[in-house]
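Coordinate analysis (summary)
So you can see what is in the structure, the chains are spelled out below.
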Amino acid sequence: TPWLKATLRSGLDYYAEKITRRNPIGTLTDPKGSYGKTNSSGYSLNNDLLLLANHKFGKFGIDGLLGGTIYYWNSNSTSIATQNGLSMPGYYSIYASVDPARADQSQTQRQVNSAYGKATFSWKSELFVDVTGRNDWSSTLSKNQQSYFYPSVAASWVASETFHLPEVFNLLKFRGSWTQSKVVPGVYDINTTYSVSPNTWNGLTAARYPTLIRGFDIEPEVTNSFETGLAASLLRNRLKIDFTYYRNLNYNRIISASVSGTSGFTNTYVNYDEQLVRKGYEVTIMGTILDNADWKWDATFNWSLSHRYYYKLDDEYSADQPWVKKGARYDWISVFDYNRAPDGSIIHTGGLPQISQFSSFLGFSDPKFITGITNNVQWKNFGLSFTVDGRIGGIMYNTINQAMWNSGAHIESDNQYRYDQVVNGLNNYVGQGVVLKSGTVQRDPYGNIIAGTDTRVFEANTIATSYESYTKTMNPYIGAPRIQNYFAPTFLKLRDLSISYNLPASASKKIGMKDAAISLVGQNLLLWTKEFKHSDPDIGLDNINSPSIRYMGVNLKFSF
């Protein structure tokens, strides 16, 4: 029939990758040198059968589909590497391994069978309702939990088609949706497998039983998402506004929970009761600021805010901290601060600062908001386009800053105290702070001072010590972050810039072309940061990242 169609399709994706690693003898992180190769490959198969229908009954329309999918994924990896160094400098080969080479092999596979359906109902050009349902059967779940269902429903109403609105409105549309999605455990997360290590002792191979108890009754992790918003077009479509509010509830979360070591295991996978909710807003404003015979200027502004909160706590597994409670922000950051006197001065012992054994609340990682603006300006045959965006607020650990202080590479560590220690052999650095002269203090389990128990008396610290020792106490290995290395990752960036020229049509025809254009383009051309000096906070994580790269180029476009 003309309103019913069937489709059968299959698809294959394949990848292969070869990695070779060489480290010369004498490097700081690998003084004995090393050599290794890794070969990885994988493929996925998708097979879909779809039955599609589209029919109208007067002003009422139905558009739907029923379908089924078989998805299969397989990946393999084999690697071999030298052990305990290279036997000859510059000889990069497995045969140069000082000890017997180490080989690793892995294979992972997953299959998901699915059945699903969708129906779209419409009334004239005013009301639209979408309903979907999908059931999956995943090979990474136990037989009892292998089947799981997730639905969705969405609706929209074009109010400007229903009512005669003022002429300023060209379009007014309201929308809303609710969706449930599920995430299953990873491949082999519920299977108990041995790990095999060759040449463990006296040439013998060892097989080790895992220390992780696999949870056979793990259920998929669930997210319920709700979204509502409106879209409006005004002033003959010269101004467009889009507003969205969304709320995502995440539960049945899967964690690796600690268990007593007397059981012979260390961890187990469980679904725990802690629930999180993410709420946010997004506003987009698009407008044509100027439009005449020679000039056209379009601009798009975007602003968004998003935070996660505790919706429900797990009595056993949720973090035991005063700031962890229902309704509180989830993106908190805590740090082991220094022991401090009532006026905030750092307490010293033996000339070195004391590190508190209690965790202190520092702030939140999510930005207060994210924003950006894009401009497109056209004057005759010339064009200018640029985007400026950034994030405002939040805090982030500056790993590079602490690593530079720890290694002595920070520019501010090149001072008189370091010179005196290295050149003159003097340990003459006196840290700013106090020492405990007398008295005691009592604290609760969270480190708060119990009222009426603080009898401490302090005096200024006068004990000189090694500048290197003091600096490394303040800035130890990067795995132990210090409070002074957390900064606001606020930034603004000139994300994209393009300057173009379109060759006039008459000139293009003379050289046998329909049209031609040339553009100068650039990305990440300018960056302004509030507190980050040695890295780009745009990535959202400072883990000794590579610097951001500035791209510049020329774009030529021809049509015949």
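Structure shown above.
A brief structural summary. Predicted model only: the values in this text are computed from it and were never measured.

Considerations on the overall build of the protein
- When helices and strands are counted, the protein shows 5 helices and 29 strands.
- Against the globule reference of 24 Å for 560 residues, the protein gives a C-alpha radius of gyration of 31 Å, more extended than a compact globule.
- Each principal axis of the C-alpha distribution contributes one length, and for the protein these read about 90 × 65 × 65 Å.
- Taking all 560 residues of the protein together, 32% fall into the buried category.

Details of the environment of Ile 395
- Relative to the elements of secondary structure, Ile 395 occurs in the loop between strand E22 (382-392) and strand E23 (396-397).
- With a relative accessible area of 18%, Ile 395 lands in the buried category.
- The residues contacting Ile 395, other than those within four sequence positions of it, are Ile 333, Leu 362, Gly 363, Phe 364, Ser 365, Phe 487, Ala 488 and Pro 489.

Observations regarding the pairing of strand E12 (residues 239-251)
- Both strand E11 (residues 221-234) and E12 contribute to a ladder of 13 bridges, which runs antiparallel. Bridging from a neighbouring strand, Gly 229 pairs with Thr 244 of E12.

Quick look at the pattern of salt bridges
- In total, this model carries 16 salt bridges according to the counting rule given.
- Measuring nitrogen to oxygen at the nearest pair gives 4.0 Å for the salt bridge that ties Glu 227 to Arg 175. Placement of the pair is Glu 227 in strand E11 and Arg 175 in strand E7 (residues 169-183), with a sequence separation of 52 residues.
- Taking the shortest distance from any N to any O, the salt bridge between Arg 495 and Asp 538 comes out at 2.7 Å. Within this pair, whereas Arg 495 is found in strand E27 (residues 491-502), its partner Asp 538 is found in the loop between strand E28 (515-529) and strand E29 (551-559), the two being separated by 43 residues in sequence.
- Via salt bridges that share partners, Asp 389, Lys 493, Arg 495, Asp 536 and Asp 538 belong to a single interconnected network.

Here we look at the side chain of Asp 420
- Tracing the sequence through the fold places Asp 420 in helix H3 (residues 416-423).
- For the buried Asp 420, no salt bridge is present, and the opposite-charge side chain at shortest range is Arg 418, 12 Å distant.
- With near-sequence residues (within four places) excluded, Asp 420 lies in contact with Gly 425, Leu 426 and Asn 428.

With respect to helix H4 (residues 467-474)
- Restricting attention to buried positions, one finds in H4 the residues Tyr 467, Tyr 470, Thr 471 and Met 474. For H4, the arc enclosing every buried residue in end-on projection is 95°, short of the 170-degree limit, so these residues lie on one face.
- Capping the start of H4 is the job of one residue whose side-chain oxygen sits 3.3 Å from the backbone nitrogen of Glu 468: Ser 466.

Points about the packing of aromatic side chains
- Applying the stated criterion across every chain, the model contains 24 aromatic pairs.
- On the basis of an interplanar angle of 45° and a centroid distance of 4.8 Å, the ring pair of Phe 382 and Tyr 501 is categorised as tilted. Of this pair, Phe 382 sits in strand E22 while Tyr 501 sits in strand E27; the two residues are 119 residues apart in sequence, bridging distant segments of the chain.
- Residue Phe 382 is classed as partly exposed on the basis of its relative accessible area of 42%.
- An aromatic cluster is built from Trp 295, Trp 379, Phe 382 and Tyr 501, whose rings are joined through pairwise contacts.
- Above the plane of the ring of Phe 364 lies Arg 329, whose end atom (NZ or CZ) is 4.1 Å from the centre.

Observations regarding the sheet that holds strand E25 (residues 457-460)
- An order of E19-E18-E24-E25 is seen for the 4 strands of this open sheet, with the pairing classed as mixed. The open sheet has two edge strands with one neighbour each: strand E19 (352-353) and E25.
- Bridge analysis of strand E18 (residues 347-349) against E19 gives 2 bridges, and the strand direction is antiparallel. From the neighbouring strand, Thr 349 faces E19, where its bridge partner is Leu 352.

A short note on the sheet that holds strand E13 (residues 253-258)
- Taken together, the 3 strands give an open sheet; going across it, the order is E10-E14-E13, and neighbouring strands pair in mixed fashion. Each having just a single partner strand, strand E10 (212-213) and E13 make up the two edges of the open sheet.
- The sheet contact formed by E10 and strand E14 (residues 267-272) spans 2 bridges and is parallel. Paired with Ile 213 across the two strands is Thr 268, which belongs to E14.

Comments concerning the nonpolar core
- Counting 7 residues, the largest nonpolar core is built from Tyr 338, Ile 346, Trp 405, Tyr 429, Tyr 467, Tyr 470 and Met 474.
- Those residues in contact with Tyr 338 that lie beyond four places of it in its chain are Ile 346, Pro 353, Gln 354, Ile 355, Ser 356, Met 474, Arg 482, Ile 483 and Gln 484.

Looking at the environment of Asn 376
- Mapped onto the elements, Asn 376 comes out in strand E21 (residues 369-379).
- With near-sequence residues (within four places) excluded, Asn 376 lies in contact with Lys 296, Trp 297, Asp 298, Leu 384 and Ser 385.
- A polar side-chain atom of Asn 376 sits 2.8 Å from a polar atom in the side chain of Ser 385.

What counts as what
- Residues numbered from 1 in each chain as written.
- Predicted model: local features only at pLDDT ≥ 70, side-chain atom pairs only at ≥ 80, totals over all residues.
- Heavy atoms only, no water.
- Helix = DSSP H or I, 4+ residues; strand = E, 2+ residues; numbered from the N terminus.
- Rg over C-alpha atoms; globule rule 2.2 N^0.38 Å.
- Buried < 20%, exposed > 50% of the residue type's maximum accessible area, 1.4 Å probe, protein only.
- Contact = heavy atoms within 4.5 Å.
- Pairing = 2+ DSSP bridges.
- Salt bridge = Lys/Arg side-chain N within 4 Å of Asp/Glu carboxyl O.
- Lys, Arg positive; Asp, Glu negative; His and termini not counted.
- Arc of directions from axis to C-beta.
- Polar contact = N/O pair within 3.5 Å; in protein donor to acceptor, adjacent residues only side chain to side chain.
- Phe/Tyr/Trp six-rings, centres within 6.5 Å; stacked < 30°, edge-to-face > 60°.
- Lys NZ or Arg CZ within 6 Å of the ring centre and 35° of its normal.
- Core = buried A, V, L, I, M, F, W, Y, C linked by side-chain atoms within 4.5 Å.

By themselves, these figures tell us nothing about what the structure is for.
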